[in-house]
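Survey of secondary and tertiary structure
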Amino acid sequence: IDLLTLNARELSRRRGGNFGVVFQDPISALNPMKRVGPQLAAQARRLTGIGRAEAKQAAIALLRRAGIPDPEDRYSRYPHEMSGGMLQRVMIALALAGKPKVLIADEPTTALDATVQAQILELIRQLQREDDIAVLLITHDIGVVSTVADRVVVLYAGRVAEEGATMDVLGAPVHPYTIGLLGSVPDLRKPLGEPRPGIPGS
């Protein structure tokens, strides 16, 4: 289905039910004036048609599934009362509310420390296995790509530059942009004063 041909109503019906999105910045994706739980419950009601009481229990269950400790208490918290890692887990719970077939994760580990980053990526992998869903991970982090992706698509100026199995693309890149992108990854084995290679063009 070409999503670009759908009107707003048709697109809204497919969004959430067919695919869920984990946005890059959870603090701007959540309403700061509303508690986290009711936002999640409202999403569950909209996508599944369940009642208000059921939606609250579904929201708590989703928070628990996303690895949030004491989900009953977190249900009543505002976004600013939670850490970045916790908010990213809330975003994952929000994306799962409609039981999607595809989970789109847009830079889900941005601004998280290495330990929390690893936990979020492991959570996404676990949900992928349990729910048998496809995950589309959007990232500029080559390390993340190499550890979690089966296939990789390298984009340059909004167009596909290279595509293939992750180990093939990262191990033997063909397109000049992919070669340059991999060459820009910091290498601690190189001398400190050595300049980083750049990529000419727009």
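Here the structure is shown first, and the text comes after it.
Here goes a summary of the coordinates provided. (Residues numbered from 1 in each chain as written. Predicted model: local features only at pLDDT ≥ 70, side-chain atom pairs only at ≥ 80, totals over all residues. Heavy atoms only, no water.)

Here we look at the side chain of Thr166
- Relative to the elements of secondary structure, Thr166 occurs in helix α9 (residues 166–171).
- Filtering out sequence-adjacent residues up to four positions away, Thr166 remains in contact with Val145, Ser146, Ala149, Asp150, Arg151, Val152 and Gly171. (Helix = DSSP H or I, 4+ residues; strand = E, 2+ residues; numbered from the N terminus. Contact = heavy atoms within 4.5 Å.)

Examining the environment of Arg64
- Checked against the element boundaries, Arg64 lands in helix α4 (residues 52–65).
- Accessibility expressed as a relative area gives 45% for Arg64, which makes it partly exposed.
- Between the alpha carbons of Arg64 and Met167 there is a distance of 34 Å; along the sequence they are 103 residues apart. (Buried < 20%, exposed > 50% of the residue type's maximum accessible area, 1.4 Å probe, protein only.)

Re the sheet that holds strand β2 (residues 102–106)
- If you walk across this open sheet you meet the three strands as β1-β2-β3, and the pairing is parallel. Edge positions in the sheet fall to β1 (19–22) and β3 (134–138), since each of these pairs with one other strand and no more. Taking each pair of neighbouring strands and ignoring which way they run, the sheet shows an average axis angle of 15 degrees. (Pairing = 2+ DSSP bridges. Axes fitted to C-alpha atoms, helices over the stretch in contact; angles between N-to-C directions.)

Some points on the side chain of Gln39
- Mapped onto the secondary structure, Gln39 falls in helix α3 (residues 36–48).
- Residue classification places Gln39 among the buried positions, given a relative accessible area of 16%.
- There is a polar contact of 3.0 Å between the side chain of Gln39 and the backbone oxygen of Lys34.
- Apart from residues lying up to four places away in sequence, Gln39 is in contact with Leu30, Asn31, Lys34, Pro79 and Leu94. (Polar contact = N/O pair within 3.5 Å; in protein donor to acceptor, adjacent residues only side chain to side chain.)

Things to note about the layout of surface pockets
- Here the largest pocket defines a volume of roughly 790 Å³.
- Forming the boundary of the largest pocket are 25 residues, of which Leu137, Ile138, Arg151, Val152 and Val153 lie nearest the centre.
- Mapped by element, the contributors of at least two residues to the lining of the largest pocket are α7 (114–131), β3, α8 (142–148), β4 (151–156) and α10 (176–183).
- Element by element, the count of residues in the lining of the largest pocket is highest for β4, at five residues.
- Residue composition of the lining of the largest pocket, by class: 18 nonpolar, four polar and three charged. (1 Å grid on protein atoms, 1.4 Å probe; cavity = no way out; pocket = protein on both sides within 12 Å on 5 of 7 lines; lining within 4 Å. Points joined across faces, edges and corners; volume = space filled by probe spheres on them. Nonpolar A, V, L, I, M, F, W, Y, C, P; charged D, E, K, R; others polar.)

Quick notes on the nonpolar core
- In this structure, Val22, Leu40, Leu63, Met82, Val90 and Ile92 are the most contacted members of the largest nonpolar core, which totals 34 residues.
- Among the secondary structure elements, those contributing two or more residues to this core are α3, α4, α6 (84–96), β2 and α7.
- Apart from residues lying up to four places away in sequence, Leu63 is in contact with Leu40, Ile68, Pro71, Tyr75, Val90 and Ala93.
- Core analysis: the second largest hydrophobic core is formed by six residues, Val145, Val154, Ala161 and Val169 among them. (Core = buried A, V, L, I, M, F, W, Y, C linked by side-chain atoms within 4.5 Å.)

Side note on the packing of aromatic side chains
- Counted under the stated rule, the structure contains one aromatic pair.
- Relative to Tyr177, the ring of Tyr156 lies with its centre 4.5 Å away and its plane at 35 degrees, an arrangement referred to as tilted. Highlighted residues: Tyr156 in strand β4 and Tyr177 in helix α10, separated in sequence by 21 residues. (Phe/Tyr/Trp six-rings, centres within 6.5 Å; stacked < 30°, edge-to-face > 60°.)

Considerations on the packing of α3 against α4
- Interhelical geometry of α3 versus α4 gives an angle of 115 degrees and a closest axis separation of 8 Å. When the axes of α3 and α4 are compared, the pair comes out roughly perpendicular. For the pair α3 and α4, the sense of crossing is right-handed. In this structure, α3 uses Gly37, Leu40, Ala41 and Arg45 to contact α4, whose residues at the interface are Arg52, Ala55, Lys56, Ala59, Leu62 and Leu63.
- Of the residues assigned to the contact of α3 with α4, the class counts are six nonpolar, one polar and three charged. (Parallel < 35°, antiparallel > 145°, perpendicular 65-115°, else oblique. Left-handed = near helix turned anticlockwise from the far one by under 90°.)

Some words on unusual backbone geometry
- Phi at Asp132 takes a positive value of approximately 55 degrees, unusual for a residue other than glycine.
- Along the chain, Asp132 turns up in the loop between α7 and β3.
- Note on Asp132: relative accessible area 69%, which makes it exposed.
- Backbone geometry at Ala157 places phi at a positive 55 degrees, although glycine is not the residue there.
- If you trace the backbone, Ala157 turns up in the loop between β4 and β5 (159–165).

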